[in-house]
Amino acid sequence: MKKKISIIGAGLAGCEAAWQLANRGYEVILYEKKRILKNEIQKLDDFCELVCSNTFRSTILGNAVGCLKEEMKLLDSFVLNCALETSIPAGESLAVDREMFSSLVTSKLNKHKNIKIIDKEIDNISSEEITLISSGPLTGEKLKLSIQNLVGEEYFYFFDAISPTIDKASINFNKVFIKNRYEKGETQDYINCPMSKEEYLTFYNELIRAETFPLRLENEKTFRIFEGCMPIEIMAKRDINTMRYGPLKPIGLRNLDGSDNYAVVQLRQDNAALSAYNMVGFQTNLKIKEQQRVFKKIPGLENAIFVRYGQMHENNYINSPTLLNNRLQLKHNNNIFFAGQITGVEGYLESAASGLVTSLNIINWIEKKSPIIFPYDTVIGALIRYILLSNPQNFQPMKSNWHIVQTSFDPNIKYNKQERREEYYKNSMNSLNQFISKYNITMK
Ligand SMILES: Cc1cc2nc3c(=O)[nH]c(=O)nc-3n(C[C@H](O)[C@H](O)[C@H](O)COP(=O)(O)OP(=O)(O)OC[C@H]3O[C@@H](n4cnc5c(N)ncnc54)[C@H](O)[C@@H]3O)c2cc1C
């Protein structure tokens, strides 16, 4: 048996890393606290819980997160393979039945001969053992202090938000229609609640006046919200039309008779049983009674029964550009590695990807080989580059997007948007394939 590695946190990053290390013959001790102590949004006992949306987002190849999926396939990602095995229809997104997904991940890890799972809340980090910290955006309180002591740096934290889920049986199907945007995809999966101008304005006026939960004052100095996960009421307050250019955009969602809408709220399947639907882009900090009152103004949701209400949450991450080297290893304590959202990547797949990168680097470090630096024209390489080389003064978590990917376009060709996206994807695949064979990153 090769060396032992302790992993703190069996989330998206920790599970991916555990599998990659164990499959390469390393002994893994995986510590997870959720069966003893859940945080306020965890519901399941199983690992790798998708706490909000049940999708790994787009599968479109011209979209950066769609490209990341293809990269993760080439790298034989454990998390992605489990997601594909438990997927449910969602147009051009990869959605999973969250319970089946977590159960599959947990049973595979449980059965692995090189992985030992320990249900325990880790509150102190041993600097003597090789340890991967992947405790996520809601790291346990004591561990947070221990990490703060260890890194000696200011800890950043702010709020993130989740959107409500509706019982399908409570939706008024006389008022809604089923369609994907532009009717893309083999099956039509989204439930759409169309709004006239008058209905939109009523909803807007109620929303901007609705009562929200108070924010924790001591955190407000560092209060920041991911643009991609902005509470709907904050978005509405920016401008009367902002929602119509965001989650309520009507484009590509004509009524079944071909007529246009002023705005459309979309609901996406949330479970395999098709009994629950998530309000797309409706992350919110409204008080519960206000969610019941205001969201019922949406046509089709007059009698909505909420399976889960929207909420806002704290999110923790370290200043990676200052603290980590290119193995995602603490510069001043080489036994400690980081992966997942705590490093400043954002999203389920991005967190799994960083778990994969860190695990390969732990092995190369143990085996005294050079760091594995993924090419910057791949999405996976660009994400790691982003968290390591961003300006530490203004470091914020990042999802997959083409803006961070470095690629060279032929200066003699005038690309349109679609062609540029195709070029990004093509370059990424070429580059990653070459990288895998050059560095002999064998898949197990
Ligand atoms: C409210 C909220 C909503 C979100 N919505 C989305 C979304 O819709 N889509 C998306 O892509 N991303 C979303 N995210 C981000 C998402 O949580 C992360 O991208 C992803 O789960 C991070 O993976 P991770 O492995 O870093 O952390 P996690 O998946 O959170 O895993 C960390 C694990 O560590 C465990 N742990 C923590 N402290 C300790 C300790 N002291 N001892 C032992 N175990 C510990 C936790 O119990 C947890 O299981 C959301 C995050 C939050 C907070």
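Up top is the structure.
Chains are numbered independently. Their residues run from 1 in the order of the written sequence. Local features in this predicted model are restricted to residues whose pLDDT is 70 or higher, and side-chain atom pairs enter the listing and the counts only when it is 80 or higher, whereas totals over whole chains, interfaces and linings include all residues. Side-chain numbers come from the whole structure's heavy atoms, not from hydrogens or water.

Attention now goes to the site of the ligand. Of all residues adjacent to the ligand, which total 33 residues, the nearest are A13, E32, I122, Q341 and Y348. Within the contact set of the ligand, an oxygen atom lies 2.9 Å away from a backbone nitrogen or oxygen of A13. Polar contact is the term for a pair of N or O atoms within 3.5 Å; when the atoms are in protein, one must be able to donate a hydrogen and the other to accept it, and sequence-neighboring residues count only if both atoms are side-chain atoms. Interatomic distance of 2.8 Å between a backbone N/O atom of I122 and a nitrogen atom of the ligand. In short, Shrake-Rupley with a 1.4 Å probe defines the accessible areas, and a residue's cover is counted only from the protein chains shown. Relative to its unbound accessible area of 980 Å², the ligand is 95% covered by the protein chains. Under the DSSP-based scheme used, a helix requires at least four consecutive residues in state H or I and a strand at least two consecutive residues in state E, with every element numbered from the N terminus. Listing elements by their share of the shell around the ligand, those giving two or more residues are α1 (12-23), β2 (27-32), β8 (156-162) and α11 (348-366). Note that Gly is not counted as nonpolar here; it falls among the polar residues with everything else outside the nonpolar set of Ala, Val, Leu, Ile, Met, Phe, Trp, Tyr, Cys and Pro and the charged set of Asp, Glu, Lys and Arg. Here the shell around the ligand is built from residues that sort into 13 nonpolar, 14 polar and six charged. Proximity criterion: a residue is near a molecule or strand once any of its heavy atoms comes within 4 Å of it.

So, on to helix α2 (residues 64-74). Residues separated by three or four positions in an α-helix point in the same direction, a consequence of the helix having 3.6 residues per turn. Working definition: with a 1.4 Å probe on protein chains only, accessible area under 20% of the residue-type maximum means buried, over 50% means exposed, and in between means partly exposed. Burial of α2 is extensive: nine of the 11 residues sit out of reach of the surface. What α2 keeps buried is the set A64, V65, G66, C67, L68, K69, E70, E71 and M72. For α2, the N-terminal capping position is held by N63, with its side-chain oxygen 3.0 Å away from the main-chain nitrogen of V65. One or two residues past the end of α2 sits D76, with phi positive at roughly 55 degrees.

What follows deals with the sheet that holds strand β5 (residues 93-96). The pairing criterion is simple: DSSP has to find at least two bridges between the two strands. What the three strands build is an open sheet, ordered β3-β5-β4; its pairing is antiparallel. At either margin of the open sheet sits one strand with a lone partner, and together these are β3 (55-58) and β4 (87-88). Pairing analysis gives two bridges linking β4 to β5, with the strands arranged antiparallel. For S87, the partnering residue across the bridge sits in β5 and is V96.

Let us now look at the pattern of salt bridges. Salt bridge, as used here: a side-chain nitrogen of Lys or Arg that lies within 4 Å of a carboxyl oxygen of Asp or Glu. One pass over the structure, following the stated rule, counts 18 salt bridges. Residue R57 is joined to E350 by a salt bridge in which the shortest nitrogen-to-oxygen separation is 2.6 Å. Pair noted here: R57 is in strand β3 and E350 is in helix α11, with a separation of 293 residues, a long-range link. The closest approach of N and O atoms between K399 and E346, which form a salt bridge, is 3.8 Å. With K399 in the loop between α12 (379-389) and α13 (417-438) and E346 in the loop between β16 (336-338) and α11, this residue pair connects regions lying 53 residues apart in the sequence. Each of the salt bridges in this network shares a partner with another, and the network as a whole consists of R35, D46 and D119.

Attention shifts here to the packing of α2 against α11. Packing of α2 against α11 brings their axes to within 11 Å, and their N-to-C directions diverge by 35 degrees. For the pair α2 and α11, the sense of crossing is left-handed. Contacts between α2 and α11 involve V65, L68, K69 and M72 from the former and L349, E350, A352, A353 and L356 from the latter. Here the contact of α2 with α11 is built from residues that sort into seven nonpolar, no polar and two charged. Lines are fitted to the C-alpha atoms to define the axes, a helix being fitted only along its stretch in contact, and any angle between axes, read from their N-to-C directions, falls within 0 to 180 degrees. Crossing chirality is assigned from the near helix's rotation relative to the far helix, an anticlockwise turn below a right angle marking it left-handed and a clockwise turn marking it right-handed. Any two residues whose heavy atoms approach within 4.5 Å at even a single point are treated as in contact.

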